[in-house]
Amino acid sequence: MEVGILSMRYAKAMIEYAQEKGVEDRVYQEFLTLSHSFCAQPGLREALDNPVIAIKEKLALVCTAADGEGTSTREFIRFITLVLKNRREGYLQFISLMYLDLYRKLKHIGVGKLITAVDVDKATSDRIRSAAAHILHAQMELETVVDPSIEGGFIFDINDYRLDASVATQLKRVKQQFIDKNRRIV
């Protein structure tokens, strides 16, 4: 079965179950933390794919990755147990991403990423978040990333759009213009 179809089915079932129980916000936080754990710890996926590790140990591992030292919701534990019993742990990362997408669509939440060369203060970050929320008519989740390679300016990704006002990109454009102009002369 295709990864996208399987992940979407499990995620839809989970969000409907979580809504029925009234815990979709808490489950969203668990899946968000789990998704970040998959990115930060590549060994997590390897451990879940390992057939030697027992289901109980995998369940404890996923719950720890989703909540740290906190306790997971009963609904989250039941869902992860179902995924593990059906041997779908290899799809868990994709299921968590699909759940995040479905939840954001349901609650009208936009996702933005601000990449700058230096750290941005909290007031500026809040102003950008509120301006984007006003334009999109939705709540905003804004992630800020510091990337010195852009040399200055910023790159702002919002949903599927990108505004690139970085110095590095501007320099590349000027360089390309010079190259194109010199080709015409020669």
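Look up a bit, the structure's there.
Every value quoted in this text rests on a predicted model; they were computed, and no experiment measured them. As a convention, each chain's residues are numbered from 1 in the sequence order in which they are written. In keeping with the model being predicted, local features are shown solely for residues with a pLDDT of at least 70 and side-chain atom pairs are shown and tallied solely at 80 or more, while totals for entire chains, interfaces and linings include all residues. Side-chain measures were taken over the full set of non-hydrogen atoms in the model, leaving aside hydrogen atoms and water.

Caption draft 1: Just the pairing of strand β1 (residues 109–116), in detail. Only protein chains enter the accessibility calculation, which uses a 1.4 Å probe; a residue is then buried when its area is under 20% of its type maximum, exposed when over 50%, and partly exposed in between. Helix and strand assignments come from DSSP, with helices taken as H or I runs of at least 4 residues and strands as E runs of at least 2, each series counted from the N terminus. Most of β1 sits out of view: 6 of its 8 residues are buried. Paired strands, as defined in this entry, are two strands with at least two bridges between them according to DSSP. Sheet analysis places β1 next to strand β2 (residues 139–146), joined by 8 bridges and oriented parallel. Paired with glycine 112 across the two strands is leucine 142, which belongs to β2. Between the parallel pair β1 and β2, the chain is carried across by helix α7 (residues 122–136), and the sense of this crossover is right-handed. As defined by bridge partners, β1 adjoins strand β3 (residues 153–158) across 5 bridges and the pair is classed as antiparallel. Looking across to β3, one finds that threonine 116 is bridged to phenylalanine 154. Every crossover in which the path from the first strand over the helix to the second runs clockwise, viewed with the strands pointing away from the viewer, is termed right-handed.

Caption draft 2: Fine view of the pattern of salt bridges. A pairing counts as a salt bridge when a side-chain nitrogen of Lys or Arg comes within 4 Å of a carboxyl oxygen of Asp or Glu. Within this structure, the stated rule accounts for 9 salt bridges. Between glutamate 141 and arginine 104 there is a salt bridge, with the nearest N and O atoms lying 3.1 Å from each other. Here glutamate 141, found in strand β2, pairs with arginine 104, found in helix α6 (residues 92–107); they are 37 residues apart in sequence, far enough to count as distant. Relative accessible area serves as the criterion here: at 23%, glutamate 141 is assigned to the partly exposed category. Here the salt bridges share partners, and the residues they tie into one network are Glu24, Asp25 and Lys107.

Caption draft 3: Just the layout of surface pockets, in detail. Space inside and on the surface of the protein is sampled on a 1 Å grid over the protein atoms alone, with a cavity defined as a set of points where a 1.4 Å probe fits but cannot get out and a pocket as an open set with protein on both sides within 12 Å along at least 5 of 7 lines; lining residues have an atom within 4 Å of a point. Grid points are joined across faces, edges and corners, and a volume is the space filled by probe spheres set on the points. Roughly 530 Å³ of volume is contained in the largest pocket. In terms of lining, the largest pocket is formed by 20 residues, of which the most central are Asp101, Arg104, Val111, Gly112 and Glu141. Contributing elements (two or more residues each) for the lining of the largest pocket: α2 (24–40), α6, β1 and β2. Each residue is assigned to one class: nonpolar for Ala, Val, Leu, Ile, Met, Phe, Trp, Tyr, Cys and Pro, charged for Asp, Glu, Lys and Arg, and polar for all the others, Gly among them. Taken together, the residues of the lining of the largest pocket sort by class into 7 nonpolar, 5 polar and 8 charged.

Caption draft 4: The arrangement of the nonpolar core in detail. Side-chain atoms within 4.5 Å link the members of a nonpolar core, which is a set of buried Ala, Val, Leu, Ile, Met, Phe, Trp, Tyr and Cys residues. In this structure, Phe31, Leu34, Phe79, Ile80, Leu92 and Tyr99 are the most contacted members of the largest nonpolar core, which totals 33 residues. Breaking this core down by element, the ones donating at least two residues are α1 (3–21), α2, α3 (42–49), α4 (55–67), α5 (74–85) and α6. Ranked by residues supplied to this core, first place goes to α1 with 7 residues. Only heavy atoms enter the contact rule, under which two residues are in contact if any of them lie within 4.5 Å. Look past the residues within four positions of tyrosine 99 in its chain and what remains in contact with it is Ala11, Met14, Ile15, Ala18, Glu24, Val27, Tyr28 and Phe31. Within the second largest apolar cluster, 7 residues are counted, among which are Ala132, Ala133, Leu142 and Phe156.

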